[in-house]
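Coordinate inspection notes
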Amino acid sequence: MDKDSYQVIVVGAGPAGLVCAKILHQAGIDYLLMDKQPPGGALLCDYEFKVGSTWLSSLEYSKKLCSFPVRYCMGEVVRIERQGLRWAVVTKDAVHVGDVVVIATGVTHRTGGNVDSERVIVGPFKRAYQYHYAGKSVAVLGGGDNAFEYAALARNRGATKVDIYSRTVRARPELIEEASRLGAMLRSENEISLIDVSDDVIVNDTHYDAALVMYGFEGVELSIASDILPRNGQKRFLVGKGGELNVYVIGDCCEGELSIEKAENDGKVCGETIVRRLG
Ligand SMILES: Cc1cc2nc3c(=O)[nH]c(=O)nc-3n(C[C@H](O)[C@H](O)[C@H](O)COP(=O)(O)OP(=O)(O)OC[C@H]3O[C@@H](n4cnc5c(N)ncnc54)[C@H](O)[C@@H]3O)c2cc1C
């Protein structure tokens, strides 16, 4: 085999892809792990993560996951296409060919067309968590758990006013109650417009210091596989599809819970399945 040809190509070096790659490595399978950023995936940020019941820093976690000599190549995959009975994994600069492809590309925050800026924060976690809420007025857009959790967090951290704009409320009742107890106001409006102007943001004619856009997640849109494998309305791959094509999808990018444990478990099951099939 030349150097651009492998038994298995794993796309995405988050927990799912890394665990899968580790099992392939231990079984002596000739694999390549690819990612557009260094290994670590969504965890590659300065944050603490709960894995099971243990909190780990992202650094400790990445170290634990990368505790083997991972064969890794940086590159953004733009397409996967048939090459005879094999698969060509295409980046802007290179083509790698594999018998089997594993897609572990995770999810992305739904933006609703809004652009992340200093005052408009798209998605939960690090930036939303670290924002300095004291003395600020904040609009939260979204009706899910994250919207209500962050509305409560903003009030707890001293935001003077928090309005939650939601077309449909889907959050758990205890989160809705907590946000309301802390004084966040629910504004159930059908149309929600957000304008980011020079010194503040305007949501449906009301001015705020900042807006949090909490519209949930969707699978990473990759033309690489959307014409090969079916997706649901959130652009996430359907579980269990593709194995017969030698294309596996694992972790956050396929339906189900978004969690490190689920991603690791998917990576393990997928790695073991491939080892059995190729071994
Ligand atoms: C800040 C933060 C805190 C979190 N806290 C927790 C927690 O406490 N507990 C918990 O269980 N879960 C937590 N999560 C969720 C958890 O991180 C995810 O469930 C987990 O990382 C999913 O792993 P994954 O391998 O499926 O995807 P990801 O970790 O998202 O990895 C996907 C990888 O694919 C790569 N990729 C995407 N598209 C391409 C492409 N076209 N070409 C090449 N590479 C590509 C990305 O660069 C990324 O590295 C948190 C997430 C974040 C962001």
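This is a predicted model, so every value here is computed, not measured.

**Notes on the overall build of the protein**
- Within the protein, the regular secondary structure consists of 7 helices and 19 strands.
- Counting only C-alpha atoms and orienting by the principal axes, one finds that the protein spans roughly 65 × 35 × 35 Å.
- Counting only residues that meet the buried cut, the protein has 39% of its 279 residues in that class.
- Look at the contacts in the protein between residues 6 or more apart in sequence, and 61% of them connect residues 24 or more apart.

**Some points on the environment of Met34**
- Tracing the backbone through its elements, the reader meets Met34 in strand S2 (residues 31–35).
- Between the C-alpha atoms of Met34 and Arg71, which are 37 residues apart in sequence, the distance is 8.7 Å.
- Once residues within four sequence positions are removed from consideration, Met34 is found in contact with Ile9, Val10, Val11, Cys73, Gly75, Val77 and Val89.

**Digging into the packing of helix H1 (residues 15–26) against helix H7 (residues 260–278)**
- Closest axis-to-axis distance for the H1/H7 pair is 7 Å, and the angle between their directions is 30°. Relative to H7, the element H1 is oriented roughly parallel. Here H1 and H7 pass one another in a crossing that is right-handed. The residues of H7 that touch H1, namely those facing Pro15, Ala16, Gly17, Leu18, Val19, Cys20, Ile23 and Leu24, are Ile260, Ala263, Glu264, Asp266, Gly267, Lys268, Cys270, Gly271, Glu272, Ile274 and Val275.

**A short note on the nonpolar core**
- Ranked by internal contacts, the top residues of the largest apolar core, which has 43 residues, are Val10, Val11, Cys20, Val101 and Val102.
- Per element, the largest residue contribution to this core is 7 residues, and it comes from H1.
- Once you skip the residues sitting within four places of it in the chain, Val102 turns out to touch Val8, Val10, Val11, Gly17, Cys20, Tyr248, Ile250 and Cys270.
- Counting 33 residues, the second largest nonpolar core, distinct from the first, contains Val140, Tyr150, Ala152 and Val162.

**Concerning the site of the ligand**
- As a matter of local geometry, the ligand sits amid 34 residues, with Gly12, Gly14, Gly41, Gly106 and Gly251 nearest to it.
- Listed by contribution, the elements that provide at least two residues to the shell around the ligand are H1, S2, strand S3 (48–51) and H7.
- Among the residues forming the shell around the ligand, the class breakdown is 18 nonpolar, 9 polar and 7 charged.

**Some details on the environment of Cys254**
- Note on placement: Cys254 falls in the loop between strand S19 (247–249) and H7.
- Classification of Cys254 by C-beta neighbours within 10 Å gives buried; the count is 27.
- Separated by 155 residues in sequence, Cys254 and Asp99 have C-alpha atoms that sit 21 Å apart.
- Those residues in contact with Cys254, other than ones at most four positions away along the chain, are Arg236, Phe237, Val239 and Val249.

**Concerning the confidence of the model for the protein**
- In the predicted model, the protein carries a mean pLDDT of 87, and 91% of its residues have values of at least 70.
- Of all secondary-structure elements in the protein, the lowest mean pLDDT belongs to helix H6 (residues 223–226), at 61, while strand S12 (residues 161–165) reaches the highest, 98.

**Details of the sheet that holds strand S16 (residues 206–208)**
- On the basis of which strands lie adjacent, the open sheet formed by 3 strands has the order S14-S15-S16 and antiparallel pairing. The two strands at the open ends of the sheet, each matched to only one other strand, are strand S14 (194–196) and S16. In this sheet, adjacent strand axes meet at a mean angle of 25° when their direction is disregarded.
- Here S14 runs beside strand S15 (residues 201–203); their pairing, made up of 3 bridges, is antiparallel. What sits directly across from Ile195, in S15, is Ile202.

**Structural notes on unusual backbone geometry**
- The backbone of Asp205 shows a phi angle near 75°, a positive value even though the residue is not glycine.
- Here Asp205 shows up in the loop between S15 and S16.
- Owing to 7 C-beta atoms within 10 Å, Asp205 belongs among the exposed residues under this scheme.
- Of note, the phi angle at Asn246 is positive, near 65°, even though the residue is not glycine.
- Secondary-structure assignment places Asn246 in the loop between H6 and S19.
- Given 18 C-beta atoms within 10 Å, Asn246 falls into the partly exposed group.

**Some details on helix H2 (residues 58–65)**
- Inspection of H2 places Tyr61, Ser62 and Leu65 among the buried residues, and these make up the whole buried set. With its buried residues spanning 100° around the axis, H2 presents them on a single face. Those residues of H2 that are exposed and aimed more than 90 degrees away from the buried face are Lys63 and Lys64.

Cut-offs used in this document
- Residues numbered from 1 in each chain as written.
- Predicted model: local features only at pLDDT ≥ 70, side-chain atom pairs only at ≥ 80, totals over all residues.
- Helix = DSSP H or I, 4+ residues; strand = E, 2+ residues; numbered from the N terminus.
- Buried ≥ 20, exposed ≤ 12 C-beta atoms within 10 Å, placed from the backbone.
- Contact = placed C-beta atoms within 7 Å.
- Axes fitted to C-alpha atoms, helices over the stretch in contact; angles between N-to-C directions.
- Parallel < 35°, antiparallel > 145°, perpendicular 65-115°, else oblique.
- Left-handed = near helix turned anticlockwise from the far one by under 90°.
- Core = buried A, V, L, I, M, F, W, Y, C linked by C-beta atoms within 7 Å.
- Near = placed C-beta within 6 Å.
- Nonpolar A, V, L, I, M, F, W, Y, C, P; charged D, E, K, R; others polar.
- pLDDT = per-residue confidence, 0-100.
- Pairing = 2+ DSSP bridges.
- Arc of directions from axis to C-beta.

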